[in-house]
Amino acid sequence: KLITKYKTMKSYEANERRIEKEKKKTIETQNAYKAVTDWKNYVLTLKTIHLKSSSIVDWNKIKNIEKPVQPKNEYKNEDFAKNQLENFKPSFLDNLFGLTPKKINNLKELVNQAKVKDENENDAKFKKYLDTFKDWEKLQEISLGIEKNQIEFYKKALEHFSPFSKIGEVGNQININLENDYIDVDLTVNDIDVIPDYELKQTSTGKLSKTNMPKTRFNELYQQHICSCVLRVGREVFAHLPYEYSRINAIKKIVNCQNGNIEEKMILSVIFSKDNMQKINFEVNEPLENIILFNNNMSFHKINGFNAVNRMEFNK
């Protein structure tokens, strides 16, 4: 019996170890799958930034928005509480135990509380109305200025909608120069370290495999990222302003090996036309394929990456 019990115990322990091993393997497989999925999603995000651009602002529609109506004060809570007080009828037990005065006082207190509640709700509605009215008034002024092609209102439009307030996705800094016929934007792009220098894959056994990303793929991914960022800026410009042309310039900060100073070099300059931009299905092509549809200056080598270029000149 002792031998049988010993064998049973050993068998149980072996089974527990097997179950624990399988559980550990399952967790490792799941973690590997998540790591690969996250890596793929990040790489995809790097070259699809231009797909997140704002909807086109319809300035004519904005101009025709009716003036907000000031809300009337309402006293629903007070009316309800007063109704409860006025229609209160003491029960036999209320009269018997002298509870009537206390209940009436409670109802009166509820009326006072209801008044405060109505006052707070009316104040909140009026504050919301004032905010809405100010926003409407500001947009009316901007839309009128946009209609007259007044540059100062182009600036106000960008300030109001702030399409570049969170530029972390596309770069570190953005400088905008508004001309009569076109908008000129200098975008200081993200450094190359936003690109992962490794690739993650899941083996046939479910394990995580990490390898160095080939130099050519690394540089090409950075090129797609820069093109995507430039496209995003171009799309945002045309979404908010009635320009027919925009010049977007990608500028990269590079360390000069000779003097150690950080210098700004232009690595891409492209002139977008609104008409052609609106014809593109951005979901279909890679960012680079979209960029080359427009006049651009770009010098790129798969092994060495970007070279400095000159600002694209308008052909008048």
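Presented here is a report on the structure given in the accompanying data block. (Residues numbered from 1 in each chain as written. Predicted model: local features only at pLDDT ≥ 70, side-chain atom pairs only at ≥ 80, totals over all residues. Heavy atoms only, no water.)

Per the counting criterion, the structure on display carries nine aromatic pairs. Ring geometry for Phe126 against Tyr129: centres 5.8 Å apart, planes inclined by 35°, an arrangement best described as tilted. Residue Phe126 and its partner Tyr129 are both found in helix 5 (residues 100-147); the two are separated by three residues, about one turn of the helix. Summarising the aromatic geometry, the rings of Phe300 and Phe306 are spaced 5.2 Å apart at their centres and angled 65° between planes, so their arrangement reads as edge-to-face. Taking relative accessible area as the criterion, Phe300 reaches 22% and is therefore assigned partly exposed. Residue Phe306 is classed as buried on the basis of its relative accessible area, which comes to 14%. Following the ring pairs from residue to residue traces out a cluster consisting of Phe126, Tyr129, Phe133 and Trp136. The ring of Tyr198 carries the charged tip of Lys210 above its face, separated from the ring centre by 4.5 Å. (Phe/Tyr/Trp six-rings, centres within 6.5 Å; stacked < 30°, edge-to-face > 60°. Helix = DSSP H or I, 4+ residues; strand = E, 2+ residues; numbered from the N terminus. Buried < 20%, exposed > 50% of the residue type's maximum accessible area, 1.4 Å probe, protein only. Lys NZ or Arg CZ within 6 Å of the ring centre and 35° of its normal.)

With that out of the way, let us pick up unusual backbone geometry. Despite not being glycine, Asn149 has its phi angle at roughly 55°, a positive value. By secondary structure assignment, the location of Asn149 is in the loop between helix 5 and helix 6 (151-161). Look at Ser162: it is not a glycine, yet its phi comes out positive at around 45°. Residue placement: Ser162 occurs in the loop between helix 6 and strand 1 (171-178).

Between helix 5 and helix 6, the shortest axis-to-axis distance is 8 Å and the interhelical angle comes to 145°. For the element pair helix 5 and helix 6, the recorded crossing hand is left-handed. Judged by residue contacts, Asp135, Lys138, Leu139, Glu141, Ile142, Gly145 and Ile146 of helix 5 engage Phe153, Tyr154, Lys156, Ala157, His160 and Phe161 from helix 6. Class assignment for the residues of the contact of helix 5 with helix 6 results in seven nonpolar, two polar and four charged. (Axes fitted to C-alpha atoms, helices over the stretch in contact; angles between N-to-C directions. Left-handed = near helix turned anticlockwise from the far one by under 90°. Contact = heavy atoms within 4.5 Å. Nonpolar A, V, L, I, M, F, W, Y, C, P; charged D, E, K, R; others polar.)

To continue, consider the nonpolar core. Trp59, Ile226, Val230, Leu241, Tyr243, Phe272 and Ile291 are the most contacted members of the largest nonpolar core, which totals 54 residues. Among the elements that make up this core, the one with the highest residue count is helix 7 (residues 215-240) (11 residues). Residues within four places of Leu241 in sequence aside, it is in contact with Ile146, Tyr154, Ala157, Leu158, Leu178, Ile183 and Lys274. (Core = buried A, V, L, I, M, F, W, Y, C linked by side-chain atoms within 4.5 Å.)

Quick look at the side chain of Asp184 now. Along the chain, Asp184 falls in strand 2 (residues 182-189). Asp184 sits in the buried class, given a relative accessible area of 10%. Here Asp184 is in contact with Asn175, Ile176, Asn177, Arg247, Asn249 and Arg311, once residues within four sequence places are set aside.

The sheet contact formed by strand 3 (residues 198-202) and strand 4 (residues 208-212) spans five bridges and is antiparallel. Its bridge partner being in strand 4, Tyr198 is matched across the sheet by Asn212. What sits between strand 3 and strand 4 in their antiparallel hairpin is a turn of five residues, with Gly206 showing a positive phi close to 95°. (Pairing = 2+ DSSP bridges.)

Let's shift gears to the side chain of Lys274. Within the element layout of this structure, Lys274 appears in helix 8 (residues 274-277). It turns out Lys274 is buried and unbridged, and the closest side chain with the opposite charge, Glu244, is 5.3 Å from it. Among all residues touching Lys274, those that are not within four sequence positions of it are Phe238, Leu241, Pro242, Tyr243 and Glu244. (Lys, Arg positive; Asp, Glu negative; His and termini not counted. Salt bridge = Lys/Arg side-chain N within 4 Å of Asp/Glu carboxyl O.)

Attention now goes to the state of the cysteines. As enumerated under the stated definition, the model contains zero disulfides in all. For Cys227, which is in no disulfide, the shortest distance to another cysteine sulfur is to Cys229 and amounts to 9.3 Å. Residue Cys227 is classed as buried on the basis of its relative accessible area of 0%. (Disulfide = S-S within 2.5 Å.)

Let's shift gears to helix 6. Of the positions making up helix 6, those classed as buried are Ile151, Phe153, Tyr154, Ala157 and Leu158. Projected down its long axis, helix 6 carries its buried residues within an arc of 160°, all on one side. On its buried side, helix 6 packs onto helix 2 (59-63), helix 5, strand 1 and helix 7. Positive backbone phi, at 45°, marks Ser162, one or two positions downstream of helix 6. (Arc of directions from axis to C-beta.)

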